[in-house]
Amino acid sequence: MKLEIDEKLVEIIQSATEKALLKLFEEHNESFYYCSLITTGEGLCPIISAWSKEALERVANESDDVEEAKYYLKWSYSETPYFAYGEEFFEDVNNVFIDRMNKLKTSEEMHREVQLRINSMEKVMHNLDAKGMFGRREQRLNIVINAEFMPPDYTNTERALRLNPQEALKEWLEEAAE
């Protein structure tokens, strides 16, 4: 299945995402197990959400019930300390998104635009994965990458299945997939 994408969107989102992720990985030498580009059902400017094993430990240890906290926090896009990480790199993306949305007239045009955006976000994550941003071989099996809508819907699972090796998804499919 070939996804309809917009090459200009891919280019601008990929530039911002790559800068943000390089900053994240350079500033936090941790074991990342989740990294996603997040948007809303309205197709707002994407943000990065990521979790590492170390960050999960730190955040969960602030709770009375550490194990319960780990369970609920593990895949939470909004409760990670790396929510909207590097958002300063997405200013141009936001401006393009606003400009494009202002030109739309009908709900069909808006729906198509949101689909182009999420598909382009998926392509960005695919491209960065192909460049080795999330590791290679065995190392790549330790991280789930995605392009997601929040609140979540079943299409998040479809994208996760396309973007990740099956072995990388086992826990995510059991614990977080829609």
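Look up a bit, the structure's there.
Now for a quick tour of the structure.

The rules behind these values
Residues numbered from 1 in each chain as written. Predicted model: local features only at pLDDT ≥ 70, side-chain atom pairs only at ≥ 80, totals over all residues. Heavy atoms only, no water. Core = buried A, V, L, I, M, F, W, Y, C linked by side-chain atoms within 4.5 Å. Buried < 20%, exposed > 50% of the residue type's maximum accessible area, 1.4 Å probe, protein only. Helix = DSSP H or I, 4+ residues; strand = E, 2+ residues; numbered from the N terminus. Contact = heavy atoms within 4.5 Å. Pairing = 2+ DSSP bridges. Axes fitted to C-alpha atoms, helices over the stretch in contact; angles between N-to-C directions. Parallel < 35°, antiparallel > 145°, perpendicular 65-115°, else oblique. Left-handed = near helix turned anticlockwise from the far one by under 90°. Nonpolar A, V, L, I, M, F, W, Y, C, P; charged D, E, K, R; others polar. Salt bridge = Lys/Arg side-chain N within 4 Å of Asp/Glu carboxyl O. Disulfide = S-S within 2.5 Å.

1. Description of the nonpolar core
Phase 1 of the analysis: Ranked by size, the top nonpolar core spans 48 residues in total, and within it Ile13, Leu21, Leu37, Phe90 and Phe134 carry the most contacts.
Phase 2 of the analysis: Ranked by residues supplied to this core, first place goes to helix H1 (residues 7–27) with seven residues.
Phase 3 of the analysis: Aside from chain neighbours lying at most four places away, what touches Ile13 is Leu37, Pro46, Phe90, Val93, Phe97, Ser120, Met121 and Val124.

2. Description of the sheet that holds strand S2 (residues 47–52)
Phase 1 of the analysis: The strand order S2-S1-S3 describes an open sheet built from three strands, whose pairing is mixed. Of all strands in the sheet, those with a lone pairing partner are S2 and strand S3 (144–149), marking the two edges. When strand polarity is set aside, the average angle formed by the axes of neighbouring strands in this sheet is 20°.
Phase 2 of the analysis: As judged from the six bridges shared by strand S1 (residues 32–39) and S2, these two strands associate in the antiparallel manner. Across the sheet, residue Leu37 finds its bridge partner in S2, namely Ile48.

3. A look at the packing of helix H5 (residues 107–130) against helix H6 (residues 154–163)
Phase 1 of the analysis: H6 packs onto H5 with a crossing angle of 25° between their chain directions and a minimal axis gap of 10 Å. By the angle class used here, H5 and H6 are roughly parallel. For the pair H5 and H6, the crossing hand works out as right-handed. Contacts between H5 and H6 pair Ile118, Glu122, Met125, His126 and Asp129 from the former with Arg159, Arg162 and Leu163 from the latter.
Phase 2 of the analysis: A class-by-class count of the residues in the contact of H5 with H6 yields three nonpolar, one polar and four charged.

4. Things to note about the pattern of salt bridges
A pair can form between side chains of opposite charge whenever their charged atoms are brought close.
Phase 1 of the analysis: Counted by the stated rule, this structure contains 15 salt bridges.
Phase 2 of the analysis: Between Glu30 and Arg58 there is a salt bridge, with the nearest N and O atoms lying 3.2 Å from each other. Of the two residues, Glu30 sits in the loop between H1 and S1 while Arg58 sits in helix H2 (residues 53–60), which places them 28 residues apart along the sequence.
Phase 3 of the analysis: For Glu30, a relative accessible area of 18% puts it in the buried group.
Phase 4 of the analysis: Judged by relative accessible area, which is 40%, Arg58 ranks as partly exposed.
Phase 5 of the analysis: Notably, a salt bridge pairs Glu57 with Lys70, separated by 2.6 Å at the nearest N-O pair. Taken as a pair, Glu57 in helix H2 and Lys70 in helix H3 (residues 66–73) lie far apart in primary sequence, 13 residues in all.
Phase 6 of the analysis: Accessibility expressed as a relative area gives 18% for Lys70, which makes it buried.
Phase 7 of the analysis: Several salt bridges share partner residues, and in doing so they unite Asp6, Arg100, Glu113 and Arg117 into one network.

5. A word on the state of the cysteines
Phase 1 of the analysis: Per the stated rule, a full pass over the model turns up zero disulfides.
Phase 2 of the analysis: No disulfide involves Cys35; its sulfur sits 15 Å from the nearest other cysteine sulfur, which is in Cys45.
Phase 3 of the analysis: With relative accessibility at 1%, the residue Cys35 sits in the buried group.

6. So, the pairing of S1
Phase 1 of the analysis: Judged by how many residues are buried, S1 sits mostly within the fold: eight of eight residues are covered.
Phase 2 of the analysis: Taken together, the six bridges between S1 and S3 define a ladder with parallel strand orientation. Within S3, the residue paired with Ser36 across the bridge is Asn146.

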